[in-house]
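Coordinate inspection notes
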Amino acid sequence: MSEVFHNCSRIPYLRLGAGEPLVLIHGLGEIKEGWENYY
């Protein structure tokens, strides 16, 4: 997992596959494993 720092906040992200980026945004309190069936 990679991460970027912006305005003193750490933002973790995953980069998988190829092609145009797809950004999945979930609600507060959720974890990345909530998207397991989607990628």
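Residues numbered from 1 in each chain as written. Predicted model: local features only at pLDDT ≥ 70, side-chain atom pairs only at ≥ 80, totals over all residues. Heavy atoms only, no water.

Naming follows an unreviewed UniProt entry, where the protein chain appears as Alpha/beta hydrolase of Neobacillus vireti LMG 21834.

**Things to note about the overall build of the protein chain**
Looking only at helices and strands, the protein chain has zero helices and two strands in total. Expressed as lengths along the three principal axes of its C-alpha atoms, the size of the protein chain is roughly 30 × 25 × 15 Å. Across the 39 residues that make up the protein chain, the buried fraction comes to 0%. For the protein chain, the accessible surface area stands at approximately 4,100 Å², while carbon and sulfur atoms represent 54% of it. (Helix = DSSP H or I, 4+ residues; strand = E, 2+ residues; numbered from the N terminus. Buried < 20%, exposed > 50% of the residue type's maximum accessible area, 1.4 Å probe, protein only. Areas by Shrake-Rupley, 256 points an atom, 1.4 Å probe, with all protein chains shown as cover.)

**Quick word on the pattern of salt bridges**
Taken as a whole and assessed by the stated rule, the structure comprises one salt bridge. The closest approach of N and O atoms between R10 and E3, which form a salt bridge, is 3.1 Å. (Salt bridge = Lys/Arg side-chain N within 4 Å of Asp/Glu carboxyl O.)

**Looking at the layout of surface pockets**
In this structure, the largest pocket occupies an estimated 850 Å³ of space. Lining the largest pocket are 21 residues; nearest its centre among them are L14, R15, L22, V23 and L24. (1 Å grid on protein atoms, 1.4 Å probe; cavity = no way out; pocket = protein on both sides within 12 Å on 5 of 7 lines; lining within 4 Å. Points joined across faces, edges and corners; volume = space filled by probe spheres on them.)

**Quick word on unusual backbone geometry**
With a phi close to 50 degrees, N7 is a non-glycine residue in the positive phi region. Relative to the assigned elements, N7 resides in the loop between β1 (2–6) and β2 (9–13). We classify N7 as exposed; its relative accessible area is 66%. In this structure, C8 takes a positive phi of about 65 degrees despite not being glycine.

**Concerning the pairing of β1**
Looking at chain direction, β1 and β2 are connected through five bridges and run antiparallel. Directly across from H6, in β2, lies its bridge partner S9. The antiparallel pairing of β1 with β2 creates a hairpin that spans two residues between the two strands, and N7 there sits at a positive phi of about 50 degrees. (Pairing = 2+ DSSP bridges.)

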